[in-house]
Amino acid sequence: MTASEAAVQARPAGSRSAGRAIVFGAVLVTVLGLLFGLPWFTLVLAPGWPVTLTTTGTLVFAAAAVALPVLMFLGHGRGRDWASRIGDTTLGVIWVLFVWSLLGNVVRLFGVDARPTAIGVTAVCAILVVWGYAEAMRVPRIKRVDVTMPRLGKGLDGLRVALITDTHYGPIDRARWSGRVIDAVNELDADIVCHTGDIADGTVEQRLAQAAPLGRARARLARAYVTGNHEHFGAAQAWVEHMGELGWETLENRHTVVERGGDRLVLAGVSDATTRYSIESALSGTDPHLPVLLLAHQPKQVTAAVAAGVDLQLSGHTHGGQIWPFNLLVRIDQPVVSGLSKHGERTQLYTSNGTGFWGPPLRVFAPSEITMITLRAAA
């Protein structure tokens, strides 16, 4: 190939790259314009504050709008924790401001003046941000759920399964929080302890101290782990190996069998939906008459679980929406956002709100949880 021919072939690829960059830039500017523009209009411009206050508010919103993408790139693209902490917090706060500014403008349609609206929106957002931060940083409450599995043997009736998921050890050092979570899990005296993925944002080396308490988790029969989508951003195998060192069994497209009182249960797991997961491989060689408890990070993997005849799938991933009303957007991608649901004739799905949080250190109307699932045989 001559240099001129190579240049001809290179131009379309370069043009496509330039086109994608332009589209990405346009989308980014539009999103930032909406996220920051609506709160700016509602809180700063529309109320007609004095010039000094309006100018100061405008500069603050403009600076934040410019800083957010830079901080997110530096933090999540380059692994600088300080940038992630500031960027993630900014993202959470502006989302709350955007949502309640939107609702405030709806209220204005009924004749409420701009200034009372701005004051009300500011007060509500301040309360929600403070409360949401406290909810995100607290040790999750224990959520107790009974699930009847018709194929469960009488010897396994009352089997206790403790579920943690989406711990997202990350830029904020939560080593003490992690230790208190495991203390709470151990107090449940579970037969099986499960972690259904998104263990951390970062490498094992970066999050070693936060993950260390997982080694103290106690279970009578099994400690099982499957990867989530965040592990597969580049550190999945390292986390699998580290969890093995901590005494957890990773069930990536494979299974184990637990037994109690003469009855057996297949405990299976699959890798995240972003990978080539296979429930068929996970159940290969199992007795088809035994009940199956499946660990799968994303609720939408339940479609394959139904086809495979799984009795109960445990998932996370959604965070329950984490910051209301993001749950409405999650529902577009997932069949369930939170709680116990029925799929097909046999399969049940339990979707946890998650134990930790991703990104913004806020939880608004989507509390974190440690789930205590008690399996019941049919009467």
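The following refers to the structure shown.

Conventions used here
All residue numbers refer to positions counted from 1 along the written sequence of the respective chain. Only residues with pLDDT of at least 70 get local features here, since the model is predicted, and only at 80 or more are side-chain atom pairs given and counted; chain-wide, interface and lining totals rely on the full set of residues. Heavy atoms from the whole structure form the basis of all side-chain values; hydrogens and water molecules are not counted. Every angle, taken between N-to-C directions, lies between 0 and 180 degrees, and every axis is a line fitted to C-alpha atoms, over only the stretch in contact when it is a helix. A run of DSSP states H or I qualifies as a helix once it reaches four residues; a run of E qualifies as a strand once it reaches two. Both are numbered from the N-terminal end. Relative orientations are named as follows: roughly parallel for angles under 35 degrees, roughly antiparallel for angles over 145 degrees, roughly perpendicular for angles from 65 to 115 degrees, and oblique for any other angle. Helix crossings get a hand from a simple test, with the near helix turned counterclockwise from the far one by less than a right angle marking a left-handed crossing and a clockwise turn marking a right-handed one. Two residues qualify as a contact provided that any one of their heavy atoms is within 4.5 Å of a heavy atom in the partner residue. Note on exposure labels: buried denotes an accessible area under 20% of the residue type's maximum, exposed denotes more than 50%, and partly exposed covers the range between, all computed with a 1.4 Å probe on protein chains only. Whether two strands pair depends on DSSP finding at least two bridges between them. Definition used in this section: a nonpolar core is a set of buried Ala, Val, Leu, Ile, Met, Phe, Trp, Tyr and Cys residues joined via side-chain atoms within 4.5 Å.

1. Thoughts on the packing of helix 2 (residues 51-78) against helix 3 (residues 81-108)
Item 1. Viewed as axis vectors pointing N to C, helix 2 and helix 3 meet at an angle of 135 degrees, and their least axial separation amounts to 8 Å. When the axis of helix 2 is compared with that of helix 3, the two are oblique. Of the two elements, helix 2 crosses helix 3, and the hand of that crossing is left-handed. Contacts from Phe61, Leu68, Leu71, Met72, Leu74, Gly75 and His76 in helix 2 reach Trp82, Ala83, Ser84, Ile86, Gly87, Asp88, Thr90, Leu91 and Ile94 in helix 3.

2. Digging into the pairing of strand 7 (residues 263-269)
On a regular strand, each side chain points to the face opposite its neighbour's, so the side chains alternate between the two faces of the sheet.
Item 1. Most of strand 7 is tucked away, with 5 of its 7 residues classed as buried.
Item 2. Across 7 bridges, strand 6 (residues 254-260) lies against strand 7 in antiparallel orientation. Looking at the pairing, Val257 lines up with Val266 of strand 7.
Item 3. With 4 bridges connecting them, strand 7 and strand 8 (residues 292-295) associate as parallel partners. Bridging from a neighbouring strand, Ala268 pairs with Leu294 of strand 8.

3. Quick word on the nonpolar core
Item 1. Counting residues in hydrophobic clusters, the biggest one holds 27 residues, and the most contacted among them are Ile199, Leu214, Trp239 and Trp248.
Item 2. Those elements that provide at least two residues to this core are strand 2 (159-164), helix 5 (175-187), helix 7 (236-245) and strand 12 (369-377).
Item 3. What Trp239 contacts, discounting residues up to four positions off in sequence, is Ile199, Ala200, Gly202, Thr203, Val204, Arg207, Ala211, Tyr225 and Glu231.
Item 4. Membership of the second largest hydrophobic core comes to 25 residues, among which are Ile192, Leu265, Leu295 and Ala377.

4. Quick word on the sheet that holds strand 5 (residues 249-250)
Strands belonging to one sheet form pairs held by backbone hydrogen bonds; the direction of such a pair is parallel or antiparallel.
Item 1. Read from one edge to the other, the open sheet built from 6 strands follows the order 1-12-2-3-4-5, with strand pairing classed as mixed. Pairing within the sheet leaves two strands with one partner each, and these edge strands are strand 1 (141-149) and strand 5.
Item 2. Taken together, the 2 bridges between strand 4 (residues 222-225) and strand 5 define a ladder with parallel strand orientation. Paired with Tyr225 across the bridge in strand 5 is Thr250.
Item 3. Across the face of the sheet, helix 5 comes into contact with strand 1, strand 2, strand 3 (192-195) and strand 12 while running at roughly 170 degrees to strand 2.

5. Focus on the sheet that holds strand 8
Item 1. The strand order across the open sheet formed by 6 strands is 6-7-8-9-11-10, and the pairing between neighbours is mixed. For this open sheet the edge positions go to strand 6 and strand 10 (339-343), each flanked by a neighbour on one side alone. Strand-to-strand, the axes of this sheet are offset by a mean angle of 20 degrees, without reference to chain direction.

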